Amino acid sequence: MIFCVEDDAGIRDLMVYTLNASGFEAHGFNDGAELFAALSGNTPQLILLDIMLPGEDGISILKRLRARSATADIPVIMTTAKGTEYDKVIGLDSGADDYLAKPFGMMEMVSRVKAVLRRATPKEIKRVLRAGELSLDPDEHTVYVSGRRVELTLKEYELLKKFMDNIGLVFTREKLLTSIWGMDFVGETRTVDVHIGTLRTKLGPCGDYIKTVRGVGYRMEKIS
């Protein structure tokens, strides 16, 4: 959702129409009072904010947005008929993410909106599972022991990931057989023992991290 704060009804309607036609959900507001009333119930992805507004000006509104924890991180693109470098600097120094000087093209506006949203989208933190000298990267489907890559079969990899996702938890052979091989697998729990054995061997010294719990099954130890 994108909020457009613009006191010129013709420009505001065109901005909202263009954004909606470009795949966004957009809503227009005449001034700061209408904007803050809308913000009490919705948090937009981005705000297009005109500097020259009736009543409270855009710079003052921007400072209020940045001062409130609920709105401090909302990306804001300032729009204004003023084209001086001073006005641009004031807007950016006050916390604006970008600046559009009127008259601007609607396609330029959409391009700027998309660019700011891309920058504002947090990067996904890569999750690598680790236990002692052992690491497993779910994205790359790789396993390393003391920095050395280890090649595992699919079932060995899935067993190891199961243990590393649940360090300290005990799994019965039946539970591992069901979760790794599937409900329809026809075989004996001995299948699990064989794969655990080959997995331990391939992991070398890290193979000792996988412990046998007599009469129950297996678990991976917590390794600092």
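Residues numbered from 1 in each chain as written. Predicted model: local features only at pLDDT ≥ 70, side-chain atom pairs only at ≥ 80, totals over all residues. Heavy atoms only, no water.

A. Examining the nonpolar core more closely. Leu134, Leu160, Leu203 and Met220 are the most contacted members of the largest nonpolar core, which totals 27 residues. Every element with two or more residues in this core is listed here: strand E6 (129-131), strand E7 (134-137), strand E8 (142-145), helix H6 (154-165), helix H7 (173-181), helix H8 (190-203) and strand E12 (217-220). The leading source of residues in this core is H6, at 5 residues. Setting aside chain neighbours within four positions, we find Met220 in contact with Ala131, Leu134, Leu160, Phe163, Met164, Ile167, Gly168, Leu169, Tyr209 and Ile210. (Core = buried A, V, L, I, M, F, W, Y, C linked by side-chain atoms within 4.5 Å. Buried < 20%, exposed > 50% of the residue type's maximum accessible area, 1.4 Å probe, protein only. Helix = DSSP H or I, 4+ residues; strand = E, 2+ residues; numbered from the N terminus. Contact = heavy atoms within 4.5 Å.)

B. Molecular detail of the pairing of E7. Residues Leu134 and Leu136 point to one face of E7 and Ser135 and Asp137 to the other, with burial holding for every one of them. One ladder, built from 3 bridges, connects E6 with E7; its direction is antiparallel. Each bridged residue has a counterpart across the sheet, and for Ala131 the counterpart in E7 is Leu134. Two elements, E7 and E8, share 4 bridges in a ladder whose sense is antiparallel. Within E8, the residue paired with Ser135 across the bridge is Tyr144. With antiparallel pairing between neighbouring strands as the criterion, E7 and E8 make up a hairpin whose turn holds 4 residues, including His141 at a positive phi of roughly 60°. (Pairing = 2+ DSSP bridges.)

C. Structural detail: H6. With 12 residues, H6 ought to run about 16 Å at 1.5 Å a step, and its terminal C-alpha atoms sit 16 Å apart, in line with that. The set of residues buried in H6 consists of Glu156, Tyr157, Leu159, Leu160, Phe163 and Met164. Looking straight down H6, one finds that the buried residues subtend no more than 160° of arc, so they occupy a single side. (Expected span 1.5 Å × (residues − 1). Arc of directions from axis to C-beta.)

D. Looking closely at the sheet that holds E6. The 4 strands lie next to each other as E6-E7-E8-E9, forming an open sheet whose pairing is antiparallel. The two strands at the open ends of the sheet, each matched to only one other strand, are E6 and strand E9 (148-150). Adjacent strand axes in the sheet meet at a mean angle of 25° when their direction is disregarded. Two strands pair when backbone bridges link them, and E8 and E9 are joined in this way by 3 bridges, in the antiparallel orientation. In the sheet register, Val145 faces E9, and the bridge partner there is Arg148. Relative to E7, H6 is tilted by about 110°, and along the sheet it contacts E6, E7 and E8. (Axes fitted to C-alpha atoms, helices over the stretch in contact; angles between N-to-C directions.)

E. Representation of the pattern of salt bridges within the structure. As enumerated under the stated definition, the model contains 12 salt bridges in all. We note a salt bridge from Lys102 to Asp50, for which the minimum N-O separation is 3.3 Å. A residue pair is termed long-range when its members are at least 10 positions apart, and Lys102 in the loop between strand E5 (98-101) and helix H5 (106-120) and Asp50 in strand E3 (residues 46-50) qualify at 52 residues. The class of Asp50 is buried, set by a relative accessible area of 2%. The structure contains a network of salt bridges with shared partners spanning Glu6, Asp50 and Lys102. (Salt bridge = Lys/Arg side-chain N within 4 Å of Asp/Glu carboxyl O.)

F. Representation of the side chain of Asp193. Relative to the elements of secondary structure, Asp193 occurs in helix H8. For Asp193, a relative accessible area of 18% gives the class buried.

G. Highlighting the packing of aromatic side chains. The final tally for this structure, using the stated rule, is 2 aromatic pairs. Plain terms: the ring middles of Phe3 and Phe29 are 4.8 Å apart, the flat faces sit at 75° to each other, and that makes the pair edge-to-face. Residue Phe3 is located in strand E1 (residues 2-5), and its partner Phe29 is located in strand E2 (residues 26-29); the two are separated by 26 residues in the primary sequence. When its relative accessible area of 2% is taken as the criterion, Phe3 is described as buried. Cation over ring: Arg64 sits above Phe36, and NZ or CZ is 3.9 Å from the ring centre. (Phe/Tyr/Trp six-rings, centres within 6.5 Å; stacked < 30°, edge-to-face > 60°. Lys NZ or Arg CZ within 6 Å of the ring centre and 35° of its normal.)

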